Every structure is written in C-alpha cells, then in structure tokens.
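Residues per chain are reported as follows:
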Amino acid sequence: MPVNHYENFPVGSIVLPRRLRQPIHAVYAFARTADDIADEGEASNESRLQDLTGLEHELDRIRKGETPQTKLMQRLNNEAIAPFSMPLEPFYDLLSAFKQDVVKKRYQTFGELVDYCRRSANPVGRILLHLYGEHDPVSIARSDGICTALQLINFWQDVAVDWEKGRVYIPQDDLARFNVTEQQIAEGKADFAFQRLMAHECERAFSMLKGGSPLGKTLKGRIGFELRMIIIGGQLILQKLDGIKYDVFNERPVLDKKDWMIIVKRAFQKK
C-alpha cells in the first residue's frame, strides 16, 4: 500500500490467504478514510475533528451491539470486527492519532513521537495479528516494533512533504542536538548537520525494525512471507535514504521494480 501512513501494510496482496483479504480491505478502508479526514482537502480543523468524532460514535454503536449508521462502519463491523471478534481498542487508538494529527504539528521528544506511533501505526499491526490468530505477547511486541519503525521511515521519507503541511515530525530535542533549524528544512538544506541528524533517526528506525524482524520467520506460510517482504522493503528505503545522503528535499526514495525483485528473492531466502 504505498500511500502515506499505511503504505507498508498489505492490502489485498495476492500473497495473503483469500479469507483475510476482505476483512483487511475493510480495515484499510476505515484507516484510509480517517487519515484522509485528518489530512486531505481544505476542511477546517473543527470540521475534521467533528468528522473523526463521528467515527468514534460509530465505534461506540458497535461496542453497544447497535448497527452503525454509515456504510463504511457497517462494512468494518460485518466483514472484520464481528466475524473475528476483534477488540475495538486499536480502532479507537487510530482515531486518537488522527485527531492528534489535526492539532499537533511538533514533537518535543522522541518519546512523544513513539507514543504517536503507538496509536497511529501499531494498532494496524495488532489488528492484522488478530486476524491471523496470533495473540502471544512476544509477537505483539515484535509487531509493535516493526510498525513503529515503518511509521518512522515514512516520516523520514516525507520530511519535505510534511513541512508543506505545516508538520515537523523530527523531535525538537534532536533538531537542537544536531544544530538543525526549521529554517533549514524550509530552505531544503541537506547539509552535514542535517545528514547527521537523519542518520541518527534512521538508525533508530533500523534498530526497531531489526528487533521485530524475527516475527517474519515465526509467522508461517503466506503471512510470514508478506511480513518479510514488508521488513525488507523498509530496510531498502533506509539504504536509499543513506544513498542520497538524506537529501529528501530533492528526491523521495521509493521502491521500484528492481527493488521488488530483490525483496521477493530475499523474502524467500529468509523463510
């Protein structure tokens, strides 16, 4: 799904078991819609928050055993939540993160940013694990590490894009530590200080991705293969960021056909 926050999660991949494609589509539709409410168009912050609260109220209806009013949430309930007895907390967490995106444009510390990822990315991994029937604490912790890492990688790809939206996800403490100012970001200056800063942030993401990577082997069959491809894809993006010396102002690293051939080959080799 190479689009925005959810680009690193599978949506209808032919690799996935057929029985999971429909519920994953329903989950993606919910997440994509909520993310677009928070991000896209010219709506006011008040309007965005009101629409997201509307989705929360729909979750409340599901929790009470009532029928949701919108087709989006009826589909989510009928195709994913009800058939798989899914917990609702991950969906509430996602909406909490989307609301935060509307009003919070800066993060003082890395801990604050990780807390955001805990609600913006980790719930998707937990939802997928639940669909796969994996509930053990080790798998959940590894999934959280992978999801946070992928979210961070997306941030580091999109420093310039996010600046245009008025957002800076690089922690303010880190900007100060490496003597990088927001003015440099505005001017698109990938100087040595910015390169050191980005290398530091990417190393953090790499460590988290590596820590969670054993999950790609413990999950069996198609699901494990899909996850291994996702992990390898994240690693390749980090390599590409290093290869362009972190000049994300002139080039946003993406995966091309050659990269996908590498990804598939490595995913098979690591099973």
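Residues numbered from 1 in each chain as written. Predicted model: local features only at pLDDT ≥ 70, side-chain atom pairs only at ≥ 80, totals over all residues. Heavy atoms only, no water.

- The name recorded for the chain in an unreviewed UniProt entry is Squalene synthase HpnC, from Neisseria weixii.

### Focus on the overall build of the chain
Then, in step 1: Counting its secondary structure elements, the chain contains 14 helices and 0 strands.
Then, in step 2: Moving toward the C terminus, one meets the helices and strands of the chain in the order α-α-α-α-α-α-α-α-α-α-α-α-α-α.
Then, in step 3: Computed over C-alpha atoms, the radius of gyration of the chain comes to 19 Å, within 12% of the 18 Å expected from 2.2 N^0.38 for 271 residues, which places it in the range of a compact globule.
Then, in step 4: Seen along its three principal axes, the alpha-carbon backbone of the chain occupies a region of about 55 × 50 × 30 Å. (Helix = DSSP H or I, 4+ residues; strand = E, 2+ residues; numbered from the N terminus. Rg over C-alpha atoms; globule rule 2.2 N^0.38 Å.)

### Describing the side chain of Arg-228
Then, in step 1: Within the secondary structure layout, Arg-228 lies in helix H13 (residues 221–243).
Then, in step 2: The side chain of Arg-228 is buried and forms no salt bridge, while Glu-226, the nearest opposite charge, is found at 10 Å.
Then, in step 3: For Arg-228, the side chain forms a polar contact with the main-chain oxygen of Ala-267, separated by 2.8 Å. (Buried < 20%, exposed > 50% of the residue type's maximum accessible area, 1.4 Å probe, protein only. Lys, Arg positive; Asp, Glu negative; His and termini not counted. Salt bridge = Lys/Arg side-chain N within 4 Å of Asp/Glu carboxyl O. Polar contact = N/O pair within 3.5 Å; in protein donor to acceptor, adjacent residues only side chain to side chain.)

### Considerations on the state of the cysteines
Then, in step 1: A complete count under the given rule lists 0 disulfides for this structure.
Then, in step 2: Left unpaired, Cys-202 is separated from the closest cysteine sulfur, that of Cys-117, by 13 Å. (Disulfide = S-S within 2.5 Å.)

### A look at helix H3 (residues 71–81)
Then, in step 1: Among the residues of H3, those classed as buried are Met-73, Leu-76, Asn-77, Ala-80 and Ile-81. Along H3, the residues classed as buried sweep out an arc of 115° about the axis, all on the same side. In this structure, H3 carries Lys-71 and Asn-78 as exposed residues pointing more than 90 degrees from its buried face.
Then, in step 2: Taken together, the buried residues of H3 touch helix H1 (18–39), helix H2 (45–63) and helix H4 (89–103). (Arc of directions from axis to C-beta. Contact = heavy atoms within 4.5 Å.)

### Structural notes on H13
Then, in step 1: Here H13 is 23 residues long and its end C-alpha atoms lie 33 Å apart, about the 33 Å a rise of 1.5 Å per residue gives.
Then, in step 2: The element H13 is largely enclosed, with a buried count of 17 among its 23 residues.
Then, in step 3: Taken from the residues just after H13, Lys-245 is the one with a positive phi, measuring 55°. (Expected span 1.5 Å × (residues − 1).)

### Focus on the packing of helix H5 (residues 110–120) against helix H7 (residues 137–157)
Then, in step 1: H7 packs onto H5 with a crossing angle of 115° between their chain directions and a minimal axis gap of 9 Å. Relative to H7, H5 is oriented roughly perpendicular. The hand of the H5/H7 crossing is right-handed. In this structure, H5 contributes Phe-110, Leu-113, Tyr-116, Cys-117 and Ser-120 to the contact, and H7 contributes Thr-148, Gln-151, Leu-152, Phe-155 and Trp-156.
Then, in step 2: By residue class, the composition of the contact of H5 with H7 is 7 nonpolar, 3 polar and no charged. (Axes fitted to C-alpha atoms, helices over the stretch in contact; angles between N-to-C directions. Parallel < 35°, antiparallel > 145°, perpendicular 65-115°, else oblique. Left-handed = near helix turned anticlockwise from the far one by under 90°. Nonpolar A, V, L, I, M, F, W, Y, C, P; charged D, E, K, R; others polar.)

### Comments concerning the nonpolar core
Then, in step 1: Judged by nonpolar contacts, the single largest core of 70 residues is most densely connected at Leu-52, Phe-91, Tyr-132, Trp-156, Val-159, Ile-170 and Phe-194.
Then, in step 2: If you count residues domain by domain, this core takes at least three from each of domain 1 (17–103) and domain 2 (104–270).
Then, in step 3: Those residues in contact with Phe-91 that sit more than four places away from it in its chain are Val-27, Phe-30, Leu-59, Leu-76, Ile-81, Met-86 and Ile-127.
Then, in step 4: In terms of nonpolar packing, the next biggest core, distinct from the first, is built from 6 residues, Ile-232, Leu-236, Ile-263 and Ala-267 among them. (Core = buried A, V, L, I, M, F, W, Y, C linked by side-chain atoms within 4.5 Å. Domains from an automatic or database assignment.)

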